[in-house]
Amino acid sequence: MENDDMHLLVVDDEDRIRRLLKMYLERENYVIFEADNGEDAVKMALENDYDLILLDLMLPKMDGIEVAEKIRETKNTPIMMLTAKGEEVSRIEGFEVGADDYIVKPFSPREVVLRVSAVLKRTQSGKPKAKANPDLIKMPHFEIDDQSHRVLADGSAVNLTPKEYDLLLYLAQSPDQIFGREQLLREVWKYEFFGDLRTVDTHIKRLREKLTKHSEPAAKMIVTVWGLGYKFNSFPEESEK
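Residues numbered from 1 in each chain as written. Predicted model: local features only at pLDDT ≥ 70, side-chain atom pairs only at ≥ 80, totals over all residues. Heavy atoms only, no water.

In the nomenclature of an unreviewed UniProt entry, the protein corresponds to Two-component system, OmpR family, response regulator ResD from the organism Carnobacterium viridans.

## Side note on the overall build of the protein
Assigned secondary structure in the protein consists of 9 helices and 11 strands. Expressed as a percentage of the 241 residues in the protein, the buried residues total 44%. In the protein, once contacts between residues fewer than 6 apart in sequence are set aside, the share between residues at least 24 apart is 56%. Carbon and sulfur atoms make up 49% of the accessible area of the protein, which totals about 13,200 Å². (Helix = DSSP H or I, 4+ residues; strand = E, 2+ residues; numbered from the N terminus. Buried < 20%, exposed > 50% of the residue type's maximum accessible area, 1.4 Å probe, protein only. Contact = heavy atoms within 4.5 Å. Areas by Shrake-Rupley, 256 points an atom, 1.4 Å probe, with all protein chains shown as cover.)

## What to know about the pairing of strand E10 (residues 222-225)
Every other side chain in a regular strand lies on the same face of the sheet, so the side chains alternate between the two faces. Judged by which residues are buried, E10 turns out to be covered on both faces: Ile222 and Thr224 on one side and Val223 and Val225 on the other are all buried. From the end of E10 to the start of strand E11 (residues 229-232), which pair antiparallel, there are 3 residues, and Gly227 there has a positive phi angle of about 85°. (Pairing = 2+ DSSP bridges.)

## Considerations on the nonpolar core
Phe142, Ile144, Leu168, Leu184 and Phe232 are the most contacted members of the largest nonpolar core, which totals 30 residues. Contributions of two or more residues to this core are made by strand E6 (136-139), strand E7 (142-145), strand E8 (150-153), helix H6 (162-172), helix H7 (181-188), helix H8 (198-212), helix H9 (216-219) and E11. Counting residues per element, this core draws most heavily on H6, at 7 residues. With sequence-adjacent residues up to four places away left out, Leu184 is seen in contact with Leu167, Tyr170, Leu171, Phe179, Trp189, Val200 and Tyr230. (Core = buried A, V, L, I, M, F, W, Y, C linked by side-chain atoms within 4.5 Å.)

## Considerations on a negative patch on the surface
On the surface, Asp13, Asp36, Glu39 and Asp40 cluster together into a negatively charged patch. Classification of Asp36 by relative accessible area gives partly exposed; the value is 36%. (Patch = residues over 30% accessible without salt bridge, like charges linked within 9 Å, V, L, I, M, F, W, Y side chains within 5 Å. Salt bridge = Lys/Arg side-chain N within 4 Å of Asp/Glu carboxyl O. Lys, Arg positive; Asp, Glu negative; His and termini not counted. Charge placed at Lys NZ, Arg CZ, Asp CG, Glu CD.)

Now the structure itself:
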């Protein structure tokens, strides 16, 4: 299983810690989700299937031990404890509620990445491999699942209208190919719309605005090719500024 198939939940009340872990883990192509308190962490962990949870011990609303206990009542998701407490009793308490690993702050982000990889290899080795989903499009900053009509931009769900979704899917299915406005009206609107060509521009603008709220790099992958039309750029570093 590739890292970009791995969904990790990072739970810490310090923005700085979450940003640091997110940056290092995304470099390894993990998909990162975040929570800053114990109650949100439990809700997210029980409603979603994560491959691993990095869980701080000292959290508002519900501490890490309680969070782990709640998760372990119904799920076996691997848990890696993060805490400033280095005492043996804290480590024992964490392992007693089902933690798979334990890292004391301050930590080396690189060490966290290596230990995350080790835990995932150990816990994933016995799982059957999932069948490939032919309706799934995955690119840097983007995931489109046509079976569920779900769009993720850097791991965050994007709420699109049906026509906005159809337009994005059509562009993403042929990355780097330039489509004129008339062609997009014909293919996406299926001859149901015979109006101003600017309707395409309007939908592209709304798409970018919605994507920008979740991920500016994702929004910039929809590129205007002046005088020709639009394309979905599969090379984010080359997308328009």
